[in-house]
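One letter stands for each residue in the lines below.
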2 protein chains.
Amino acid sequence: MHSPTKHIAESTVRRLSLYLRFLEEFEARGQTTVSSGELARSGGTTSAQVRKDLSFFGSFGKRGLGYGVKDLISSIREILGLEQPWPVIIIGAGKIGAALAQYRGFTSRGFHVVGVYDADPSKVGMQLGALAVRSDKEIERDIAAHKPRIAVLAVPADAAQPMVDRVVAAGMHAVLSFAPAPLHAPHGVTIRAVNMATELEILAYSLTHGV
Amino acid sequence: MHSPTKHIAESTVRRLSLYLRFLEEFEARGQTTVSSGELARSGGTTSAQVRKDLSFFGSFGKRGLGYGVKDLISSIREILGLEQPWPVIIIGAGKIGAALAQYRGFTSRGFHVVGVYDADPSKVGMQLGALAVRSDKEIERDIAAHKPRIAVLAVPADAAQPMVDRVVAAGMHAVLSFAPAPLHAPHGVTIRAVNMATELEILAYSLTHGV
DNA sequence: ATGGCTTTGTGAAATCTTTCACAATGTAGT
DNA sequence: ACTACATTGTGAAAGATTTCACAAAGCCAT
Ligand SMILES: NC(=O)c1ccc[n+]([C@@H]2O[C@H](COP(=O)([O-])OP(=O)(O)OC[C@H]3O[C@@H](n4cnc5c(N)ncnc54)[C@H](O)[C@@H]3O)[C@@H](O)[C@H]2O)c1
Ligand SMILES: NC(=O)c1ccc[n+]([C@@H]2O[C@H](COP(=O)([O-])OP(=O)(O)OC[C@H]3O[C@@H](n4cnc5c(N)ncnc54)[C@H](O)[C@@H]3O)[C@@H](O)[C@H]2O)c1
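The following refers to the structure shown. (Residues numbered from 1 in each chain as written. Chains lettered and ligands numbered in written order. Predicted model: local features only at pLDDT ≥ 70, side-chain atom pairs only at ≥ 80, totals over all residues. Heavy atoms only, no water.)

Of the regular secondary structure elements, chain A holds 8 helices and 11 strands. For chain A, the C-alpha atoms occupy an extent of roughly 60 × 45 × 35 Å along the three principal directions. Looking at chain A residue by residue over its 211 residues, the buried ones come to 48%. Pairs at least 24 apart in sequence give 58% of the contacts found in chain A among residues at least 6 apart. When the accessible surface of chain A is summed, it comes to about 9900 Å², and 54% of that surface belongs to carbon and sulfur atoms. (Helix = DSSP H or I, 4+ residues; strand = E, 2+ residues; numbered from the N terminus. Buried < 20%, exposed > 50% of the residue type's maximum accessible area, 1.4 Å probe, protein only. Contact = heavy atoms within 4.5 Å. Areas by Shrake-Rupley, 256 points an atom, 1.4 Å probe, with all protein chains shown as cover.)

Now the structure itself:
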């Protein structure tokens with residue numbers, strides 16, 4: 001039911017994550033049922049798109065009625081893999097790493113920061129929320145011992161690829177990087193990069209060429 | 001030459017920003033000429049893709065030789081609108097806003113932070129790098145006076161839409177938001193949102209369903 | 001139970017994006 | 001000047017994604 005044979009486009013997965021956010025709002029407001037049209041309006045898409053996105057994974061609605069809010073929340077959480085907790089480590093306890101380590105928005109979705117690492121001895125031991133910064137030398141041992149599933153990289157650009165290599169060698173299969181550096185990893189490892197300069201440049205392009 | 005009649009896909013603009021990054025590396029290494037194939041290899045795409053992306057905007061290469069690194073850098077900077085400086089304001093001087101305000105990576109691309117604002121009186125006056133945090137009450141006056149072109153939002157989710165409305169009313173046409181909230185703006189205003197939870201959820205999906 | 005109304009799920013069509021493949025154009029060596 | 005070679009620029013083909021449009025299914029009022 002929840003494992004499509006076909007490859008699913010990233011845009012679909014991204015929208016599912018978005019729908020989940022809206023569904024949680026509908027739930028908080030006490031709404032029990034929602035139509036593809038309502039969901040589409042919140043998310044700036046179309047009702048056909050919403051139905052098509054869901055149809056890749058199964059059939060979740062009731063014709064004439066719409067989707068049960070609670071049911072659809074569980075279904076999407078299951079599709080995305082959010083029914084299990086996701087231990088995450090953060091590497092680089094600088095300005096952005098420290099902000100991320102203390103950010104509470106992750107936890108609500110099942111992402112738990114279980115370790116923060118830095119190469120700078122003056123940062124090691126520093127308390128960030130409930131966690132103390134650990135030395136980067138512990139990364140390999142901690143990955144082996146605690147099996148965090150995702151590594152978030154907040155290190156300088158030139159340290160990013162070597163760190164990807166290290167965590168991949170240690171068994172990590174997913175990396176989210178904030179460093180403005182192109183990253184490569186072997187097949188089977190998923191890398192995502194958030195590049196703020198690129199986001200600003202897309203805005204600059206759209207301002208320059210009219211909307 | 002640089003203003004296509006056709007609509008250009010966001011994916012193309014995103015890749016242009018990426019090519020620019022690689023070109024700057026080639027330039028730093030003293031390379032004067034680069035082929036679409038080399039550029040493609042750095043960026044994990046194909047040479048045909050590189051040539052097609054550029055062809056929307058004109059003809060920048062020499063057959064048999066490739067592209068002049070310096071020339072292509074200026075051409076892409078012109079396409080993206082980066083030949084002019086982009087004054088930016090940051091709204092919300094919390095953990096992420098403070099990190100962004102002190103981030104030096106923006107400046108190199110022509111994005112200059114000209115103001116940081118917060119609603120919390122205890123944050124107003126705080127020094128972030130060269131800038132002092134100002135009261136959010138000054139936002140409208142400062143936009144009118146200094147005409148920043150992009151507003152970066154680092155405020156809590158429920159303050160995001162009201163703040164979009166304020167800055168748009170004050171004349172802003174582009175917003176980059178870090179708040180996990182869906183944002184709407186009138187036609188003619190470009191909004192981009194970086195949602196870290198969604199990025200992690202896409203990783204969770206790909207780990208859950210195999211790569 | 002029936003009929004009218006609403007909304008889903010989904011093939012098919014339309015649109016958008018990427019890849020292919022090659023003529024055109026230029027370089028470089030002789 | 002000629003030849004061999006490299007690489008661009010681009011229509012056309014292939015592939016991917018979105019939108020359309022409608023039959024099927026279920027609710028609700030009577
Ligand atoms: N600050 C921002 O707003 C911002 C925005 C976008 C992108 N980024 C990117 O995020 C990354 C971090 O930025 P920042 O502003 O937090 O920088 P920062 O200098 O404050 O922090 C970087 C941290 O990484 C640590 N580090 C360096 N090498 C390491 C290694 N091999 N292992 C472990 N730790 C190591 C340093 O000791 C430092 O504490 C950079 O790549 C930057 O370009 C930052
Ligand atoms: N910290 C992170 O790593 C992180 C990661 C992803 C997303 N975000 C998002 O970024 C936003 C900011 O996060 P943060 O961790 O910096 O939070 P924070 O609480 O540290 O900072 C928010 C700041 O916004 C200010 N503020 C509130 N209302 C305002 C208003 N109307 N005008 C001006 N300023 C106002 C507050 O005074 C505070 O200083 C949130 O929406 C958060 O969900 C944060």
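Moving on: the protein's contact with DNA strand C. Ser36, Arg51, Ser59 and Gly64 of chain A together with Arg63 of chain B are the nearest of the 24 residues found near DNA strand C. Contact between DNA strand C and serine 59 of chain A: a phosphate oxygen at 2.7 Å from a side-chain N or O atom of the residue. Contacts to DNA strand C include arginine 15 of chain B, whose side-chain N or O atom sits 2.9 Å from a phosphate oxygen. Within the residue set of the surface near DNA strand C, elements represented by two or more residues are helix H3 (47-55), strand S2 (61-62) and strand S3 (66-68) of chain A together with helix H1 (10-28) and helix H3 (47-55) of chain B. Ranked by the residues each element gives to the surface near DNA strand C, the list is headed by H3 of chain B, at 4 residues. A per-class count over the surface near DNA strand C returns 6 nonpolar, 10 polar and 8 charged. (Near = heavy atom within 4 Å. Polar contact = N/O pair within 3.5 Å; in protein donor to acceptor, adjacent residues only side chain to side chain. Nonpolar A, V, L, I, M, F, W, Y, C, P; charged D, E, K, R; others polar.)

Residues and elements named next belong to chain A. Here alanine 185 lies in the loop between strand S10 (174-177) and strand S11 (190-193). Assessed through its relative accessible area of 29%, alanine 185 is described here as partly exposed. With near-sequence residues (within four places) excluded, alanine 185 lies in contact with Val164 and Ile191.

Moving on, we get to the sheet that holds strand S5 (residues 111-118) of chain A. All names here are of chain A. Taken together, 6 strands build an open sheet; the order of strands is S8-S5-S4-S9-S10-S11 and the sheet is parallel. Each having just a single partner strand, strand S8 (134-135) and S11 make up the two edges of the open sheet. Pairing geometry for S5 and S8, over 2 bridges, is parallel. Among the inter-strand pairings, tyrosine 117 is bridged to a residue of S8, identified as arginine 134. The strands touched by helix H7 (residues 157-169) are strand S4 (86-91), strand S9 (150-153), S10 and S11; relative to S9, the strand with the most contacts, the crossing angle is about 165 degrees. (Pairing = 2+ DSSP bridges. Axes fitted to C-alpha atoms, helices over the stretch in contact; angles between N-to-C directions.)

This part takes up the site of ligand 2. In the vicinity of ligand 2, 24 residues are found, and the nearest of them are Tyr103 of chain A together with Ile96, Asp118, Lys123 and Val155 of chain B. One chain alone does not account for the residues near ligand 2; they come from chains A and B. Aspartate 118 of chain B is positioned such that a nitrogen or oxygen atom in its side chain is 2.5 Å from an oxygen atom of ligand 2. Within the backbone of valine 155 of chain B, a nitrogen or oxygen atom sits 2.6 Å from an oxygen atom of ligand 2. Mapped onto the shell around ligand 2, the elements with two or more residues apiece are helix H5 (95-101) of chain A together with helix H5 (95-101) and helix H7 (157-169) of chain B. For the shell around ligand 2, the element with the most residues is H7 of chain B, which contributes 3 residues. Here the residues of the shell around ligand 2 are counted per class, giving 17 nonpolar, 2 polar and 5 charged.

Turning to the packing of aromatic side chains, a few remarks are in order. Residues and elements named next belong to chain B. Taken as a whole and assessed by the stated rule, the structure comprises 4 aromatic pairs over all chains. Where tyrosine 103 meets phenylalanine 106, the ring centres are 4.9 Å apart and the plane angle is 90 degrees; that geometry is what we call edge-to-face. With a relative accessible area of 33%, tyrosine 103 lands in the partly exposed category. Phenylalanine 106 sits in the buried class, given a relative accessible area of 6%. (Phe/Tyr/Trp six-rings, centres within 6.5 Å; stacked < 30°, edge-to-face > 60°.)

Moving on, we come to the interface of chain A and chain B. At the interface, 60 residues of chain A touch 60 residues of chain B. Across the chain A to chain B interface the summed buried area is about 5300 Å²; carbon plus sulfur atoms make up 71%. One can count 8 salt bridges joining chain A with chain B. Along the contact surface separating chain A from chain B lie 16 residue pairs in polar contact (both at pLDDT 80 or more). Counting residues per element, the ones that place at least two in the side of chain A that touches chain B are helix H1 (10-28), helix H2 (36-43), helix H4 (69-80), H5, S9, S10, S11 and helix H8 (196-208) of chain A. With 13 residues, H8 of chain A is the largest single contributor of residues to the side of chain A that touches chain B. (Buried area = accessible area lost by both parts, 1.4 Å probe. Salt bridge = Lys/Arg side-chain N within 4 Å of Asp/Glu carboxyl O.)

Residue and element names in this part refer to chain B. Of all 6 residues in strand S3 (residues 86-91), 6 are buried; the element is thus mostly enclosed. Here S3 shows no split at all, with Trp86, Val88 and Ile90 on one side and Pro87, Ile89 and Ile91 on the other all buried. Pairing analysis gives 6 bridges linking S3 to strand S4 (residues 111-118), with the strands arranged parallel. Each residue of the ladder has a partner; that of proline 87, found in S4, is histidine 112. Taken together, S3, H5 and S4 form a β-α-β motif whose crossover is right-handed. (Right-handed = clockwise from strand over helix to strand, strands pointing away.)

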